[in-house]
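Fold and geometry: a report
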Amino acid sequence: MNAAVNEIRDALTKLKSTPIEEATAMPAAYYTSDDFMRLEAEHVFRKDWVCLGRADEVKEPGDYYTTDLIGEQLLVTRGRDDTIRVLSNVCRHRGNMVASGKGRKSRFSCSYHAWTYDHQGQLIGAPLMSEVKGFDMSNCALPSFKTEIWEGFLFVNLDGNAEPLAPRLDNLLPYIRNYDVAQRALGFTEQVTWQTNWKCLAENFMEGYHLDVTHPKTLRPLTPTGLCEYVESDGHFNAYYSYYDPGYPERGPFPPNLTDKEKRCSFMFGVFPNLVVSAAPNILIFLCLSPGTSNSVNIRWGMSSVPQADGVTDEQRDFMNQVNAEDKAKLETLQKGLQSSYYSPGRLAKADLEGTIYDMYQYMARHLGSDVSLA
């Protein structure tokens, strides 16, 4: 490994024994090194549970969408048996893709040579291949990946060896139970790419320190920086309460069991490594992050509404588009700043403002610290 990767891994290991009150930001290479990104892809995104979006994006049999995860082309579909599967979107013939975009289909046919697959990934048609001696269609299914649905979110584990996801998130459930996250109905999803490291965006979404400065006309009047409250992590998630300004109007309609406290805040949580969520009383905002390059992140984001509402409104979507535009501008200049040879990592703010970043560092340290074998 090169010197930059060794520096990052040493910094992660050092953080394990550093109290949250004394923590500093990671070295710049943590966000800019191509070599470190390859380690993340192999030892984090391939080995752990990674969120692809909401399960109800494929609500009916035949529904599907395609996506990319660390270079793997994936096909998400719901079969006639009502089971959601994540399949390789790569034809077993000569490697072209069998589907694109999203929609509803009865089968998937590669546009190169018309090899055709059903929703379980089984090959059901291969023109003229009956003339090939020894060819067996039953041995040409698309690879299928391990999946789990948690609170309405669809997760995939590419290497198939991860322990079940749900038990590790038991300590998060009490915080989100009254928000009825699983029951929220998908309004839309969108796929975009920003020119910043995936961790920069994950950290940005999960800290309240930037709210007043980056979002003076959008989030500051609603959830000012001074009203953030850190929630202690058990290592599998990070979270904080983002309380509403007392003068801000209520954001109903409300799920039936929300407490008075929960009606006056958004609960911000991340499921490591790539899902970040804002559970507001009347709306759910989520981002699923995937590294593109060390300097770019692929984002599948969307919004879901409570059953008591008539879906996601244009006003809600426009508001989040403005918030995202403000974050994108700052994160893309941040990525440029991190290229500087003169940057020296500074101290993190107090836990209520940046404790969630410390929690994410700890997660990465457990996977990629210099004291961890990467065999």
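Residues numbered from 1 in each chain as written. Predicted model: local features only at pLDDT ≥ 70, side-chain atom pairs only at ≥ 80, totals over all residues. Heavy atoms only, no water.

**With respect to the sheet that holds strand 15 (residues 275–279)**
Keep this limit in mind: Any two strands are treated as partners once DSSP identifies two or more bridges connecting them. Under the scheme used here, helices are H or I runs from DSSP no shorter than 4 residues and strands are E runs no shorter than 2 residues, and both carry numbers assigned from the N terminus. Interaxial angles span 0 to 180 degrees and are taken between N-to-C directions of axes, which are lines fitted to C-alpha atoms, for helices over the stretch in contact.
What the 7 strands build is an open sheet, ordered 11-17-16-15-14-13-12; its pairing is antiparallel. Each end of this open sheet is capped by a strand with a single partner; those strands are strand 11 (185–194) and strand 12 (228–231). Between one strand axis and the next, the sheet turns through 15 degrees on average, direction left out of account. Sheet topology places strand 11 next to strand 17 (residues 296–305); 9 bridges connect them, and they run antiparallel. Considered in strand 17, the bridge of Thr193 is made with Asn298.

**Thoughts on the sheet that holds strand 8 (residues 123–125)**
Across the sheet, which stays open at both edges, the 3 strands sit in the order 6-7-8 with antiparallel pairing between neighbours. Bordering the open sheet on either side are strand 6 (108–109) and strand 8, each of which pairs with just one other strand. Pairing analysis gives 2 bridges linking strand 6 to strand 7 (residues 116–117), with the strands arranged antiparallel. Looking across to strand 7, one finds that Phe108 is bridged to Tyr117.

**Description of the environment of Ile149**
As a reminder of what qualifies: Only protein chains enter the area calculation, which uses a 1.4 Å probe; residues under 20% of their type maximum are buried, those over 50% are exposed, and those in between are partly exposed. Residue contacts are defined here by distance: any two heavy atoms, one from each residue, within 4.5 Å place the two residues in contact.
Looking at the secondary structure, you find Ile149 in strand 9 (residues 144–150). Judged by relative accessible area, which is 47%, Ile149 ranks as partly exposed. Between the C-alpha atoms of Ile149 and Ala202, which are 53 residues apart in sequence, the distance is 21 Å. Those residues within four positions of Ile149 in sequence are excluded, and the remaining contacts are Ala55, Ile84 and Leu154.

**Some remarks on helix 3 (residues 34–45)**
Because an α-helix packs 3.6 residues into every turn, residues spaced three or four apart end up facing the same way. Under the convention used in this document: Side-chain atoms alone can form a polar contact between residues adjacent in sequence; in general such a contact is a pair of N or O atoms within 3.5 Å, and within protein one must be able to donate a hydrogen while the other accepts it.
Taken together, the buried positions of helix 3 are occupied by Phe36, Met37, Leu39, Glu40, Ala41, His43, Val44 and Phe45. For helix 3, the capping residue at the N-terminal end is Ser33, with a side-chain oxygen 3.3 Å from the backbone nitrogen of Asp35.

**A word on the nonpolar core**
Within soluble globular proteins, side chains that are nonpolar tend to cluster in buried spots. Here is the rule we go by: To form a nonpolar core, buried Ala, Val, Leu, Ile, Met, Phe, Trp, Tyr and Cys residues must be joined to one another through side-chain atoms within 4.5 Å.
Counting residues in hydrophobic clusters, the biggest one holds 73 residues, and the most contacted among them are Leu12, Tyr30, Phe36, Leu69, Leu287 and Tyr361. Among the elements that line this core, the one with the most residues is helix 9 (residues 351–368), at 9 residues. Contact partners of Leu12, with chain neighbours within four places excluded, come to Met26, Tyr30, Phe36, Tyr361, Met364, Ala365, Leu368 and Gly369. Counting residues in hydrophobic clusters, the runner-up holds 29 residues, among them Tyr243, Phe254, Leu258 and Cys265.

**Section: the packing of aromatic side chains**
Threshold: Here a Phe, Tyr or Trp ring, Trp counted by its six-membered ring, pairs with any other such ring whose centre lies within 6.5 Å, and the pair is stacked when the planes are under 30 degrees apart, edge-to-face when over 60, and tilted otherwise. Should the NZ of a Lys or the CZ of an Arg lie within 6 Å of a ring centre and within 35 degrees of the ring normal, that charge is described as sitting over the ring.
All chains considered together, the criterion is met by 15 aromatic pairs. Look at Phe188 and Trp301: their rings are 5.1 Å apart centre to centre, the planes differ by 90 degrees, and that puts the pair in the edge-to-face class. Taken together, the positions of Phe188 in strand 11 and Trp301 in strand 17 put the pair 113 residues apart, joining distant regions of the chain. When the ring of Tyr241 is compared with that of Tyr243, the centres are 5.6 Å apart and the planes differ by 25 degrees; the resulting orientation is stacked. As far as the burial class goes, Tyr241 and Tyr243 line up, both buried. One aromatic cluster is present, built from ring pairs that chain together Trp150, Tyr175, Tyr241, Tyr243, Phe267 and Phe269. Lying across the ring of Phe153, Arg54 places its NZ or CZ 4.5 Å from the centre. Over the ring of Tyr30 we find Lys199; its NZ or CZ atom is 4.6 Å from the centre of that ring.

**Points about helix 1 (residues 3–16)**
Selection rule: Given the number of residues in a helix, its expected span is that number minus one, multiplied by 1.5 Å.
In a regular helix each residue adds 1.5 Å, so 14 residues correspond to 20 Å; helix 1 covers 20 Å between its end C-alpha atoms and thus fits that length. Considering only its buried residues, helix 1 is in contact with helix 2 (29–32), helix 3 and helix 9. For helix 1, the capping residue at the N-terminal end is Asn2, with a side-chain oxygen 3.2 Å from the backbone nitrogen of Ala4.

**Structural notes on the side chain of Asn157**
By the element assignment, Asn157 lies in strand 10 (residues 153–157). On the accessibility criterion, Asn157 (0% relative accessible area) is buried. A polar contact of 3.2 Å, which involves the side chain of Asn157, links it to the side chain of Asp159. In this view, Asn157 contacts Arg46, Lys47, Asp48, Trp49, Phe145, Lys146 and Ala162; residues no more than four positions away in its chain are not counted.

**Comments concerning the packing of helix 3 against helix 9**
Rules: Comment on the angle field: the value is read as roughly parallel under 35 degrees, roughly antiparallel over 145, roughly perpendicular from 65 to 115, and oblique elsewhere. Residues are sorted three ways: Asp, Glu, Lys and Arg are charged, Ala, Val, Leu, Ile, Met, Phe, Trp, Tyr, Cys and Pro are nonpolar, and all the rest, Gly among them, are polar.
The N-to-C vectors of helix 3 and helix 9 enclose an angle of 80 degrees; their axes lie 10 Å apart at closest approach. Considered as vectors, helix 3 and helix 9 are oriented roughly perpendicular to each other. In this structure, helix 3 uses Phe36, Leu39, Glu40, His43 and Val44 to contact helix 9, whose residues at the interface are Tyr363, Met364, His367 and Leu368. Of the residues in the contact of helix 3 with helix 9, the class split is 6 nonpolar, 2 polar and 1 charged.

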